[in-house]
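# Examination of the molecular architecture
Listed here are the chains, written in short residue letters.
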Amino acid sequence: MKQRAPLTLAAVTAALAAVTGIASLTAPAAPAADGKKTAAARMPVERSTLVCPAPSSSDIADTAYTSYTPGAAPGAKADAKGAGKGAARLTGATKDAKAVLEPKEPGKPVGATSSGAEAPALTGTAEGTLAPGWTVQQTTKVAVGRARGVLGTACGVPGTDFWFPAVGTSKGREDYVHLTNPDDTAAEVDVKLFGPEGPVKAEPGRDRITIAPKSSQRLLLSTLAPDTQLADVTAHVTTRSGRIGASVQVAEDGVGTDWLAPSTDPAGSLVLPGIPSDATSVRLVAFAPGEEDADLSIRLAGPGGSLSPAGSEALHLKAGMTAGVDLKDVTRGEAGSLLLAPTDAKKAVPVVAALRVVRGSGAKQELGFIPASGPVGARATVADNRTGENATVLYVTAPGKADAKVRVTASPGTEGGEPESKEIQVKAGTTLAVSPPPAPSGGKGSYALTLETLSGGPVHASRTLTLPHEGIPMFTVQPFTDDRSTVLVPKAVQDLSVPTE
């Protein structure tokens, strides 16, 4: 019997756990005994937890951390008891670590820096008014060496199930999966690889790891199967117990290094937003984890509409096998987003996917990744944006049949300034590159960008941060996904408390 990568209940558990540490998702209010529906209110989450991987093994790495909470989410009702109260703290992933970042209030980003190879993985918790939409960005620049480049990642929500298409075990690649346990109990983790021929058989005992409480480990993926070299692989990270933060750091000879964030949960249709206009090489890697093959159409949503790339209009995915497609310079000088959809709308098979993107040429090439990501939803934020010519470029895509209106808000800078907002229209089936995006007035330092969907959609978005070095277009791409900063809380219809005298 052929082994498959299962679609597990863990994916659902992770989605629920991701929302908050103590406030849980609540279903819409159920009917009361008299048949009437109870009233419900959308309330801010009370606690959020994030995990950041150890930034680099290079002694010359410089890392910037930026923390930001945008404030009350759209449609949320403030809790009068907790109004004005909040706390957040990001520390090293050890029991006795000192704080790296301690933001004090919503609407004001704070930053910190570290240098060298000793910077640890971080874990942190935000509570009260600092919890809803709490975002931390980690950006590392390494000027020279094999690990040179700009490595960017949004610190992730701990969970139990992660998919990483576009990893590799071939010669010239060093892909490490970073696993961080933020909790006080150990986590048991499985790491499975799937190549073009299906499951990759691991050396006995190497694909199961115990992560001690408040600690972090990294695993070189090629050591799971030392005799197997594959360019296109999908890694599946799950927990048997506990929860972790997971991300993959990719280093490739000649094109530098960057973080690969997890793909969004398996779905029949996917959006991979924000391919830079000057991308010289784009490779799509996709995987169908269930029992059925998937047939997908491939379209590029550009500024003028959606087109099928010549010679790469469709992709057949065999169940349990990773497939790669070389799209070359698919953007042809115009920024775009890749849209994957079932060729038969009645047969939508869940898949995961990511893009490997290269900019530059010759000895001055740089690598980045764009995973499939969820929609912006009500609100989404990416921190650590910077001013300067083309430093930050925002890409907004409306992949469906409806036009969309989005509000883009720039926070103050880490060194002051005033927020700025702008509303933009995105036509259905197109990608709009906003360069430069709004920036704080009179401010200095890095800043956060927050997107809100006002009408139409759905909307998908990402931003590219480019920090050139000696002619190399060092860059990183981070998607915007709904910050899930509220929960629906039903109101009690009857007071069952016992009165006290």
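Since we're looking at a predicted model, the values are computed, not measured.

## So, the overall build of the protein
- The secondary structure content of the protein amounts to 1 helix and 36 strands.
- If you take every contact in the protein between residues at least 6 apart in sequence, the share linking residues at least 24 apart comes to 81%.
- Carbon and sulfur atoms form 51% of the exposed surface of the protein, whose accessible area is close to 21500 Å².

## Structural notes on the pattern of salt bridges
- Here the structure, examined in full by the defined rule, presents 19 salt bridges.
- Note that D183 is salt-bridged to R243, the shortest N-O span being 2.9 Å. Taken together, the positions of D183 in the loop between β11 (173-181) and β12 (187-195) and R243 in the loop between β16 (233-241) and β17 (245-252) put the pair 60 residues apart, joining distant regions of the chain.
- A residue is classified by how much of its surface remains accessible, and D183, at 21% relative accessible area, is partly exposed.
- Across the pair E452 and R407 runs a salt bridge whose closest N-O atoms are separated by 3.5 Å. On the criterion of sequence distance, the pair formed by E452 in strand β33 (residues 447-456) and R407 in strand β30 (residues 404-410) is long-range, its members being 45 residues apart.
- Using a relative accessible area of 16% as the deciding quantity, one classes E452 as buried.

## Quick word on the sheet that holds strand β34 (residues 460-466)
- Across the sheet, which stays open at both edges, the 4 strands sit in the order β32-β29-β34-β35 with antiparallel pairing between neighbours. The open sheet has two edge strands, β32 (430-434) and β35 (475-480), and neither has a second partner. Between one strand axis and the next, the sheet turns through 20° on average, direction left out of account.
- Alignment of strand β29 (residues 392-398) against β32, held across 5 bridges, turns out to be antiparallel. Across the sheet, Y395 pairs through a bridge with A433, a residue of β32.

## Concerning a negative patch on the surface
- A cluster of acidic residues, E292, D293, D295 and D344, forms a negative patch on the protein surface.
- Relative to the helices and strands, D344 is located in the loop between β25 (336-342) and β26 (352-361).

## Quick look at the state of the cysteines
- This model, assessed by the stated rule, comprises 1 disulfide.
- Bridging C52 to C155, the disulfide has an S-S length of 2.0 Å. Taking the sign of the torsion about the S-S bond as the criterion, the disulfide between C52 and C155, at about 110°, is right-handed. Of the two residues, C52 sits in strand β2 (residues 47-52) while C155 sits in the loop between β9 (149-154) and β10 (161-167), which places them 103 residues apart along the sequence. With respect to class, C52 is no different from C155; both count as buried.

## A few points about the sheet that holds strand β8 (residues 135-142)
- Strand order in the open sheet formed by 4 strands is β6-β3-β8-β9, with antiparallel pairing between adjacent strands. The strands lining the two open edges of the sheet, one partner per strand, are β6 (110-115) and β9. Recorded for the sheet is a direction-independent mean angle of 15° between the axes of neighbouring strands.
- Where β8 and β9 come together, 6 bridges link them in antiparallel fashion. Its bridge partner being in β9, T140 is matched across the sheet by L151.

## Considering the packing of aromatic side chains
- Under the counting rule described, the total for this entry stands at 2 aromatic pairs.
- Ring centres 5.7 Å apart and planes at 40° place the aromatic pair W163 and F287 in the tilted group. Taken together, the residues W163 in strand β10 and F287 in strand β20 (residues 279-287) connect sequence positions 124 residues apart. Of the two residues, W163 and F287, neither departs from the other in class, the shared state being buried.
- Seen in terms of ring centroids, F194 and F287 are 5.1 Å apart; in terms of plane orientation they differ by 40°. Their pairing is tilted. One end of the pair, F194, is in strand β12; the other, F287, is in strand β20, and 93 residues separate them in sequence.

## A look at the environment of A246
- Mapped onto the secondary structure, A246 falls in strand β17.
- For A246, a relative accessible area of 10% corresponds to the buried category.
- It is 7.6 Å that separates the C-alpha atoms of A246 and G156, two residues lying 90 residues apart in sequence.
- Setting aside anything within four residues of it in sequence, one finds A246 in contact with F162, F164, H178, L179, V237 and P262.

## Considerations on the nonpolar core
- F164, L179, V237 and L260 are the most contacted members of the largest nonpolar core, which totals 32 residues.
- Elements supplying a minimum of two residues to this core: β10, β11, β12, β14 (208-211), β16, β17, β26 and β27 (364-371).
- Beyond its immediate chain neighbours, meaning those up to four positions away, F164 contacts V233, T234, A235, V237, A246, S247, V248, L260, A261 and P262.
- Listed in part, the 29 residues of the second largest apolar core include I275, A279, A294 and L355.

## A word on the confidence of the model for the protein
- Scored by pLDDT, the protein comes out at a mean of 89, with 88% of its residues at no less than 70.
- Per-residue pLDDT stays below 50 along residues 9-35; that stretch engages in 45 contacts with residues further than four places along the chain or on separate chains.

## Digging into the side chain of S67
- Checked against the element boundaries, S67 lands in strand β3 (residues 62-68).
- Of note is the side chain of S67, whose polar atom sits 2.9 Å from the side chain of W134.

## Let's talk about the side chain of S114
- Here S114 lies in strand β6.
- By relative accessible area, which is 19% here, S114 ends up buried.
- Setting aside anything within four residues of it in sequence, one finds S114 in contact with A61, D62, T63, Y65 and A119.

## Remarks on the environment of P289
- Relative to the helices and strands, P289 resides in the loop between β20 and β21 (294-302).
- Residues P289 and G320, spaced 31 residues apart in sequence, show a C-alpha to C-alpha distance of 5.2 Å.

## Some points on unusual backbone geometry
- For the peptide bond that leads from S435 to P436, omega is 0°, which places it in the cis range.
- Topologically, P436 is positioned in the loop between β32 and β33.
- The residue after G457, namely P458, is reached through a cis peptide bond having omega 10°.
- Mapped onto the elements of the fold, P458 is located in the loop between β33 and β34.
- Backbone geometry places A166, a non-glycine residue, at a positive phi of 85°.
- For A166, the location among the structural elements is in strand β10.
- One non-glycine residue, K214, lies in positive phi territory at about 50°.
- In this fold, K214 is placed in the loop between β14 and β15 (215-220).

Basis of the calculations
Residues numbered from 1 in each chain as written. Predicted model: local features only at pLDDT ≥ 70, side-chain atom pairs only at ≥ 80, totals over all residues. Heavy atoms only, no water. Helix = DSSP H or I, 4+ residues; strand = E, 2+ residues; numbered from the N terminus. Contact = heavy atoms within 4.5 Å. Areas by Shrake-Rupley, 256 points an atom, 1.4 Å probe, with all protein chains shown as cover. Salt bridge = Lys/Arg side-chain N within 4 Å of Asp/Glu carboxyl O. Buried < 20%, exposed > 50% of the residue type's maximum accessible area, 1.4 Å probe, protein only. Pairing = 2+ DSSP bridges. Axes fitted to C-alpha atoms, helices over the stretch in contact; angles between N-to-C directions. Patch = residues over 30% accessible without salt bridge, like charges linked within 9 Å, V, L, I, M, F, W, Y side chains within 5 Å. Lys, Arg positive; Asp, Glu negative; His and termini not counted. Charge placed at Lys NZ, Arg CZ, Asp CG, Glu CD. Disulfide = S-S within 2.5 Å. Phe/Tyr/Trp six-rings, centres within 6.5 Å; stacked < 30°, edge-to-face > 60°. Core = buried A, V, L, I, M, F, W, Y, C linked by side-chain atoms within 4.5 Å. pLDDT = per-residue confidence, 0-100. Polar contact = N/O pair within 3.5 Å; in protein donor to acceptor, adjacent residues only side chain to side chain.

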